[in-house]
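# Structural features, examined
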Amino acid sequence: MTGEAAATLVNKITTNHTYFMREANHFYYFRDKVLPYLSEKVKQKDLRIWSAGCSSGEEPYTLAMIIDEFLGKEKLLWDTKVLATDISAKVLEQASSGIYLNEEVGTLPPQWRLNYFTRIDNQKSIIVDRLRNEVIYRKLNLMERNFPFRKLFHVIFCRNVMIYFDTQTKRQLVQKFYNSLEPGGYLFVGHSESLNPEETSFKYVIPAVYRKEQ
Ligand SMILES: C[S@@+](CC[C@H](N)C(=O)[O-])C[C@H]1O[C@@H](n2cnc3c(N)ncnc32)[C@H](O)[C@@H]1O
């Protein structure tokens, strides 16, 4: 199979369904508990958040909007880039364009629509450059033996991705996430992807949210 044919196949077989504020209670927990903790704890003011399996970008942009709103004017003092990775080149292209249907954008709070989107026409809107530049997109297969990151993350979102993986692959991936997190760091998974407490060092926090010990 040629590289191009393989890429087409990957784009076809992966399910990319996603939307802004999906599984909203995770984002509220991130805003109300995780960010207050990190804003005190991260003395270097370099927040490292990873959306793994980001699909067309709604998840990392939601995180970027929440961070922007939480830090307000203080944001100038912070480096808060969200890393967003996926195996599919097609969704990454879509995500980095920052263009979404008005129908989808219309589900967001008016303040967010005003601050973070510009209307293109009757059908589409685009994320403003200031926010778009806060998300860095990279292609990455989570099955790779080692992740290519030099620094540890404070938070990893990997939601609705592991449902496609067998038990062993999932266990190995969860261990790699554990090794990629700072002590006290958080892992968010999809609501149907809970971790087996006997197979992981992560501590359960709330449904589908786990934490590495401090
Ligand atoms: C259903 S979407 C989830 C999007 C978002 N995280 C959410 O919860 O709404 C699953 C994404 O996982 C990606 N994916 C599947 N297998 C992957 C792998 N081995 N490495 C990286 N991404 C993968 C797919 O391309 C797809 O975009």
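Here goes a summary of the coordinates provided.

Procedures and definitions
- Residues numbered from 1 in each chain as written.
- Predicted model: local features only at pLDDT ≥ 70, side-chain atom pairs only at ≥ 80, totals over all residues.
- Heavy atoms only, no water.
- Core = buried A, V, L, I, M, F, W, Y, C linked by side-chain atoms within 4.5 Å.
- Buried < 20%, exposed > 50% of the residue type's maximum accessible area, 1.4 Å probe, protein only.
- Helix = DSSP H or I, 4+ residues; strand = E, 2+ residues; numbered from the N terminus.
- Contact = heavy atoms within 4.5 Å.
- Pairing = 2+ DSSP bridges.
- Axes fitted to C-alpha atoms, helices over the stretch in contact; angles between N-to-C directions.
- Right-handed = clockwise from strand over helix to strand, strands pointing away.

What follows is about the nonpolar core. Residues Phe30, Phe117, Val155 and Phe188 are the most contacted members of the largest nonpolar core, which totals 41 residues. When residues of this core are traced back to their parent elements, those giving at least two are helix 2 (24–41), helix 3 (58–71), strand 2 (82–86), helix 4 (89–97), helix 6 (110–116), strand 6 (135–139), strand 7 (153–158) and strand 8 (181–189). For Phe117, the residues in contact, after removing those within four places along its chain, are Phe20, Met65, Tyr100, Val105, Leu108, Trp112, Ser125, Ile126, Ile127 and Val128. Grouped together as the second largest cluster of nonpolar side chains are 23 residues, Leu83, Leu142, Leu195 and Phe202 included.

Here we come to the sheet that holds strand 8. Across the sheet, seven strands lie side by side as 6-2-1-7-8-10-9; this open sheet has mixed pairing. A strand with exactly one partner marks an edge of an open sheet, and here the two such strands are strand 6 and strand 9 (203–206). In this sheet, adjacent strand axes meet at a mean angle of 20 degrees when their direction is disregarded. The sheet strands contacting helix 8 (residues 167–179) are strand 1 (49–52), strand 7 and strand 8, and the helix crosses strand 8 at an angle near 140 degrees.

Summarising burial for strand 8: seven of the nine residues are buried, a large majority. With five bridges connecting them, strand 7 and strand 8 associate as parallel partners. Bridge pairing in strand 8 links Phe153 to Leu181. As for the winding sense of the linkage, the β-α-β connection from strand 7 through helix 8 to strand 8 is right-handed.

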